[in-house]
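One letter stands for each residue in the lines below.
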Amino acid sequence: LKRRIQIKITAVTKLTKTPISVITSEMEEFFNKHLGPGRFARTAYRLREQGSSTKPVGINVFTEEVLVGTVSLTELIIGDEHRCFLLGPLLIDESHRSKGLGLELIHDAIELAKTKDAAAVLLVGDIAYYEKAGFKQTKMGQINLPGPVDPGRLLMFEISKGAIDMIKGVAKAS
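Residues numbered from 1 in each chain as written. Predicted model: local features only at pLDDT ≥ 70, side-chain atom pairs only at ≥ 80, totals over all residues. Heavy atoms only, no water.

Caption draft 1: Local environment of the packing of aromatic side chains. Scanning the entire structure with this criterion turns up three aromatic pairs. Plain terms: the ring middles of Tyr 130 and Phe 135 are 6.0 Å apart, the flat faces sit at 75° to each other, and that makes the pair edge-to-face. For the pair Tyr 130 and Phe 135, a shared accessibility class is recorded, and that class is buried. When the ring of Phe 135 is compared with that of Phe 157, the centres are 5.8 Å apart and the planes differ by 55°; the resulting orientation is tilted. In this pair, Phe 135 sits in the loop between α4 (127–130) and β6 (136–137) while Phe 157 sits in strand β8 (residues 154–158), placing the two residues 22 residues apart along the sequence. What makes Phe 135 buried here is its relative accessible area of 3%. Here Phe 157 falls in the buried class, since its relative accessible area comes to 15%. (Phe/Tyr/Trp six-rings, centres within 6.5 Å; stacked < 30°, edge-to-face > 60°. Buried < 20%, exposed > 50% of the residue type's maximum accessible area, 1.4 Å probe, protein only. Helix = DSSP H or I, 4+ residues; strand = E, 2+ residues; numbered from the N terminus.)

Following this line, the structure appears as structure tokens:
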């Protein structure tokens, strides 16, 4: 008997990560493509509008000079003293989804927040996906964010031990 063996050959594409220091027109086009104009109503955008000195922090991923992924962090103060970052948006182009790039960028963003002495990283998202990266659900009413936020989707990654129990209050861009 002859057996057929099928081998799937996929091209290996080199990805290049670069830090975000300014929001470029290329990034704006990427955001618009993936989020549309409704993005300005999202919590991260509302917080950025509050902060006069808030500079973008995050990571872009390129393949052959084409933007295929991005993650942004917005620096926050919660209550009177807790320095945190809000993760978002996290965007991966359709051509690179389901390959682990999203989780990789989440881990990169957490590491970046650690270098900036943050107590925690917050995001608004699905626990089923983000718990893979170590995020936990916050308690209802624990943190108040501007914009449309479902409190059941407010998640936190603890950088400082016990942050999920200590951090409470209104979030403001720093």
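Caption draft 2: Spatial organisation of the side chain of Thr 70. In this fold, Thr 70 is placed in strand β3 (residues 66–78). Of the polar contacts made by the side chain of Thr 70, one reaches the side chain of Asn 60; its length is 2.6 Å. (Polar contact = N/O pair within 3.5 Å; in protein donor to acceptor, adjacent residues only side chain to side chain.)

Caption draft 3: Structural context of the pairing of strand β5 (residues 120–124). In terms of burial, β5 is a largely internal element, four of the five residues being buried. As paired elements, strand β4 (residues 82–92) and β5 share three bridges and run parallel to each other. Across the sheet, the residue bridging to Phe 85 is Val 121, located in β5. In terms of handedness, the path from β4 via helix α3 (residues 101–115) over to β5 forms a crossover that is right-handed. Looking at chain direction, β5 and β8 are connected through five bridges and run antiparallel. In the sheet register, Val 124 faces β8, and the bridge partner there is Leu 154. (Pairing = 2+ DSSP bridges. Right-handed = clockwise from strand over helix to strand, strands pointing away.)

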